[in-house]
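This is what each chain is made of:
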Amino acid sequence: MKVIKFGGSSLAAGEQIKKVFQIVCEDPTRKIVVVSAPGKRSNEDQKVTDLLIQCAEKHFRGENCAEIIKAIFYRYETICIELELPMSILESIKEDFAERLMAGYKDKFSFYDRVKACGEDYMAQLVAHFFQVQGLQAAYVNPKEAGLIVSREPGNAQVLPVSYKKLSNLKEKSGITVFPGFFGYSQEGEIMTFSRSGSDVTGAILAKAVQADVYENFTDVNAVYSVNPAIVSNPKEIRELTYREMRELSYGGFTVLHDEALIPAFSEKIPVHIRNTNNSSAPGTKIVSRREEEIGPVVGIASDHGFCSIYVSKYLMNREIGFGRKLLTILEEFGLSYEHSPSGIDDISIILREDQLTPSAESKIIERIKIELTADEVVIQHHLSLIMVVGEGMRHNVGTMSRASKALAEARVNIEMINQGSSEVSMMFGVKEIDEKRAVEALYREFFAPVPV
Ligand SMILES: Nc1ncnc2c1ncn2[C@@H]1O[C@H](COP(=O)(O)OP(=O)(O)O)[C@@H](O)[C@H]1O
Ligand SMILES: N[C@@H](CC(=O)OP(=O)(O)O)C(=O)O
């Protein structure tokens, strides 16, 4: 049995949904279909999820949402027209939406989640209906009814282990199950979404629950490329990656797959196959435990911006028991999560996403570190990008770090910090945001091919 997930780009318009139908019909083992909300039809377009977020925020502020609601339903109406579906299906969806806006809520973020989840929920209902009209035995299944129970963390939910047993019953269902991605229900019965792009996570959870032979993730690219195609044009396609490599790369900025989507698949050793809805004959990229082909030392270079670093130095820091714990406790008390913490004898840097910090929190943090830890120096550096150079081959290959740093030096990129994961599968370079593109191009040139700059 295969679990097959289609991203927003594969569901943006009727034309795309017809391709989805063809793909599902091509293989009778494709039994569970996870869908996202309609994505962008062009670069200028908006994702339905983004429209829903704007709507929820406006409604929460007590502003008039008529225009934005119109824009949301225009997307579904267009799809119904393109698929020749009866407009009556939209009526029940519109009623449901009005109820969701009006019903009470515990807090702002759980209200947002209830609205955000509509994108996937309505898409799954339309897709199931379309499949039925085409003569396929198909049914929409709601995550609550199926037992997808998640933690009560609005916008950042995690699946609870209790879900798997109940979800495994989906295996027994006849016909095609059409399942909305991106959200589950808390134990109290509230809708909670995963973090953005979380339909990938739903697909992986279902693949684990039903012990699928493969989790197919259909998107709009022929493969996972060795570098983001928005940075380097026509980059090399990757045929096979290990779970570990893909997790590092997704975390590092390969938005093609959510980094948390690898965890359920990895624990059950279910291969993940990234494929293109617009070119289903392309071989795609397989993500597996062990790679047949020896590539490397580097398989991919990912990058992301929007980081800052808190640099703390104190003479004899290495001898002070509990220094790191106390520092992290201060950050914890401000509700901050951190990404990396490269350290030296007398100094340590904590790297975090800067959108978590406000200017006032920033000055309070600096003050507390200076006073409570009697630090000699505390400096926050903003606008950093992190570049992850990833490959299993780096573990038994000498000189990769020196090749990377030489390439960066030749491109006149100053390395702000370096960190090598203990697994030796990745190296991280912190650079200024303005240098990110140049740095990635230089590393790509060094490890893969010449890049016209
Ligand atoms: N290394 C990479 N390989 C392939 N695609 C990448 C990579 N890095 C970023 N992407 C982007 O990921 C996009 C696909 O992910 P996403 O937009 O979330 O698709 P979907 O709508 O199918 O969920 C691609 O169109 C591409 O722009
Ligand atoms: N629609 C949600 C969840 C998702 O997975 O979308 P996509 O498959 O388009 O990345 C979002 O935009 O975050």
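Refer to the structure above for everything that follows.
Residues numbered from 1 in each chain as written. Chains lettered and ligands numbered in written order. Predicted model: local features only at pLDDT ≥ 70, side-chain atom pairs only at ≥ 80, totals over all residues. Heavy atoms only, no water.

Trainee: So what exactly am I meant to see when it comes to helix α5 (residues 108–116) here?
Mentor: Structural remark: α-helix, 3.6 residues per turn; residues separated by three or four positions point the same way. Of all nine residues that make up α5, seven are buried, and the element is covered over most of its length. In this structure, the buried residues of α5 make contact with α2 (48–60), α4 (88–102), α6 (118–133) and β6 (191–193). Its side-chain oxygen placed 3.1 Å from the backbone nitrogen of F109, D107 serves as the N-cap of α5. (Buried < 20%, exposed > 50% of the residue type's maximum accessible area, 1.4 Å probe, protein only. Helix = DSSP H or I, 4+ residues; strand = E, 2+ residues; numbered from the N terminus. Contact = heavy atoms within 4.5 Å. Polar contact = N/O pair within 3.5 Å; in protein donor to acceptor, adjacent residues only side chain to side chain.)

Trainee: Sorry if this is basic, but what is going on with the sheet that holds strand β11 (residues 272–276) here?
Mentor: Across a sheet, strands are paired by hydrogen bonds formed along the backbone, either parallel or antiparallel in direction. Taken in spatial order, the eight strands make up an open sheet running β3-β4-β2-β1-β7-β11-β12-β10, and their pairing is mixed. The open sheet is flanked by β3 (138–140) and β10 (240–242), the only strands paired with a single partner. The average angle at which neighbouring strand axes cross in this sheet is 20°, direction not considered. As paired elements, strand β1 (residues 2–6) and strand β2 (residues 30–35) share five bridges and run parallel to each other. Bridging across to β2, K2 finds its partner in R30. Where helix α10 (residues 243–252) meets the sheet, it contacts β10, β11 and β12 (285–288), and its direction lies at approximately 85° from that of β10. (Pairing = 2+ DSSP bridges. Axes fitted to C-alpha atoms, helices over the stretch in contact; angles between N-to-C directions.)

Trainee: Help me out: how do you make sense of the environment of S163 in this one?
Mentor: Along the chain, S163 falls in helix α8 (residues 163–167). Among the residues examined, S163 registers a relative accessible area of 0% and is labelled buried. Between the C-alpha atoms of S163 and L148, which are 15 residues apart in sequence, the distance is 5.2 Å. Beyond its immediate stretch of four places on either side in the chain, S163 contacts G147, L148 and I149.

Trainee: Explain the site of ligand 1 to me, please; I cannot follow it from the model alone.
Mentor: Neighbouring ligand 1 are 17 residues, the closest being G8, S9, T219, D220 and Y225. G8 is positioned such that a nitrogen or oxygen atom in its backbone is 3.2 Å from an oxygen atom of ligand 1. Within the side chain of T219, one N or O atom sits 2.7 Å away from an oxygen atom of ligand 1. Out of a free accessible area of 570 Å², ligand 1 has 82% covered by protein chains. Counting residues per element, the ones that place at least two in the shell around ligand 1 are β7 (214–219) and β8 (224–225). Partitioned by chemical class, the residues of the shell around ligand 1 number nine nonpolar, six polar and two charged. (Near = heavy atom within 4 Å. Areas by Shrake-Rupley, 256 points an atom, 1.4 Å probe, with all protein chains shown as cover. Nonpolar A, V, L, I, M, F, W, Y, C, P; charged D, E, K, R; others polar.)

Trainee: Hey, could you run me through the site of ligand 2 in this one?
Mentor: With respect to spatial proximity, the complete set of residues near ligand 2 consists of K5, G7, G8, S36, K47, T49, E120, F182, R196, S197, G198 and S199. The contact in question runs from a nitrogen atom of ligand 2 to an N or O atom on the side chain of T49, over 2.7 Å. One nitrogen or oxygen atom from the main chain of S199 is found 3.0 Å from an oxygen atom belonging to ligand 2. Contact with the protein chains removes 92% of the 340 Å² of surface that ligand 2 exposes when unbound.

Trainee: Looking at this model, I keep getting lost on the packing of α2 against α5. Mind explaining?
Mentor: A pair of packed helices can be characterised by two numbers: the angle between their axes and the separation between those axes. The contact between α2 and α5 brings their axes to 9 Å, and the two run at 140°. Viewed along their axes, α2 and α5 adopt a mutual orientation that is oblique. Between α2 and α5 lies a crossing of right-handed hand. Between α2, through T49, L52, I53, A56, E57, H59 and F60, and α5, the contact on the second element is made entirely by K108, F111, Y112, V115 and K116. Of the residues contributing to the contact of α2 with α5, the split by class is seven nonpolar, two polar and three charged. (Parallel < 35°, antiparallel > 145°, perpendicular 65-115°, else oblique. Left-handed = near helix turned anticlockwise from the far one by under 90°.)

Trainee: It is not clear to me how the sheet that holds strand β17 (residues 426–432) should be interpreted in this structure. Could you clarify?
Mentor: Taken in spatial order, the five strands make up an open sheet running β14-β13-β15-β17-β16, and their pairing is antiparallel. Two strands in the sheet have a free side with no partner beyond their single neighbour: β14 (347–353) and β16 (417–420). Across the sheet, the axes of successive neighbouring strands diverge by a mean angle of 35°, strand direction being ignored. Pairing geometry for strand β15 (residues 377–390) and β17, over seven bridges, is antiparallel. Counted as the bridge partner of V389 is M427 from β17. Packing against the sheet, helix α13 (residues 359–372) makes contact with β13 (300–313) and β15, and its axis sits at approximately 105° to β15.

Trainee: Is there a simple way to explain the pairing of β2 in this structure?
Mentor: Successive side chains on a regular strand alternate, one facing one side of the sheet and the next facing the other. Taking burial as the measure, the six residues of β2 include five buried ones, the bulk of the element. Once you follow β1 into helix α1 (residues 14–26) and on to β2, the crossover reads as right-handed. Both β2 and strand β4 (residues 176–180) contribute to a ladder of four bridges, which runs parallel. Each residue of the ladder has a partner; that of V34, found in β4, is F179. (Right-handed = clockwise from strand over helix to strand, strands pointing away.)

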